[in-house]
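Commentary on secondary and tertiary structure
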Amino acid sequence: MEKIPSFTINHALLKRGVYVSRKDEVAGGVVTTFDIRMKEPNREPALHPGALHTIEHLAATYLRNDPEWRDRVVYWGPMGCLTGNYLLLKGDLCPRDIIGLMRRTFAFIAEFDGDVPGAAPEDCGNYLLHDLPMARYEAAKYLREVLDVIADDNMTYPGK
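Quantities reported herein were computed from a predicted structural model and do not represent experimental measurements.

**Thoughts on the overall build of the chain**
Secondary structure assignment for the chain yields three helices and four strands. When its helices and strands are written in sequence order, the chain yields β-β-α-β-β-α-α. In terms of overall dimensions, the chain is globule-like: its C-alpha atoms have a radius of gyration of 15 Å, near the 15 Å expected for 160 residues. Overall, the C-alpha framework of the chain stretches about 40 × 40 × 35 Å when taken along its three principal axes. Across the 160 residues of the chain, 44% fall into the buried class. Contacts in the chain between residues at least 24 apart in sequence constitute 68% of all its contacts with a sequence separation of at least 6.

**Things to note about the packing of helix 1 (residues 49–63) against helix 2 (residues 95–111)**
Between helix 1 and helix 2, the shortest axis-to-axis distance is 9 Å and the interhelical angle comes to 130 degrees. Considered as vectors, helix 1 and helix 2 are oriented oblique to each other. In this structure, helix 1 meets helix 2 at a crossing whose hand is right-handed. Between helix 1 and helix 2, the contacting residues are I55, L58, A59, Y62 and L63 on the first element and L101, M102, R104, T105, F108 and I109 on the second. Here the contact of helix 1 with helix 2 is composed, by residue class, of nine nonpolar, one polar and one charged.

**Focus on helix 3 (residues 132–145)**
Taking 1.5 Å per residue as the helical rise, helix 3 with its 14 residues ought to reach 20 Å, and the 20 Å between its terminal C-alpha atoms agrees with that figure. Among the residues of helix 3, L132, A135, E138, A139, K141, Y142 and L143 are the ones counted as buried. Those residues of helix 3 that are buried are in contact with strand 1 (17–26), strand 2 (29–37), helix 1 and helix 2. In this structure D131 caps helix 3, since a side-chain oxygen of it lies 3.1 Å from the backbone nitrogen of M134.

**Points about the pattern of salt bridges**
Pairing between side chains of opposite charge can happen when their charged atoms approach one another. Tallying each qualifying case throughout the model produces eleven salt bridges. A salt bridge links R22 to D24; the nearest nitrogen and oxygen atoms lie 2.7 Å apart. Residue K141 pairs with E145 through a salt bridge whose shortest N-O separation is 3.4 Å. Placement of both K141 and E145 in helix 3 is noted, with a separation of four residues, approximately one turn of the helix. Its relative accessible area of 17% is what places K141 among the buried residues. Within this structure, R16, K141, R144 and E145 form a network of salt bridges that share partners.

Criteria and cut-off values
- Residues numbered from 1 in each chain as written.
- Predicted model: local features only at pLDDT ≥ 70, side-chain atom pairs only at ≥ 80, totals over all residues.
- Heavy atoms only, no water.
- Helix = DSSP H or I, 4+ residues; strand = E, 2+ residues; numbered from the N terminus.
- Rg over C-alpha atoms; globule rule 2.2 N^0.38 Å.
- Buried < 20%, exposed > 50% of the residue type's maximum accessible area, 1.4 Å probe, protein only.
- Contact = heavy atoms within 4.5 Å.
- Axes fitted to C-alpha atoms, helices over the stretch in contact; angles between N-to-C directions.
- Parallel < 35°, antiparallel > 145°, perpendicular 65-115°, else oblique.
- Left-handed = near helix turned anticlockwise from the far one by under 90°.
- Nonpolar A, V, L, I, M, F, W, Y, C, P; charged D, E, K, R; others polar.
- Expected span 1.5 Å × (residues − 1).
- Polar contact = N/O pair within 3.5 Å; in protein donor to acceptor, adjacent residues only side chain to side chain.
- Salt bridge = Lys/Arg side-chain N within 4 Å of Asp/Glu carboxyl O.

Written out as structure tokens, the structure reads:
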């Protein structure tokens, strides 16, 4: 069986950053999939599932309410390897196009205080698996160490 493109990225070289994972033609337009890589694969501990689940709820809520981007958001969700998230947006985009949006999103998560949106049994399939303090910590760390200092080498997959 042929390897899918995401398994051809050399994860031994992959750093934290914002990358274009793929671009797909959908209904006459382009959907860009971004790799929002929060952890270096296999070199640092993965995100805790409760923190990542909370990041998912907060980021998805924020993005779908952002006045500039809400109509372009297709999906935000966690990677199975627990090292980051995927963001799918309508349009032929590059990482520089969304750095401001990612800074606002992760600042929102880092500063969030209150009930996590959608973290109730009638709203979520695993409502008990949330960790707001750790989500805030991880979002602040990513904002401070990656998004606030991002450079071109954090936006092109190694070997591409």
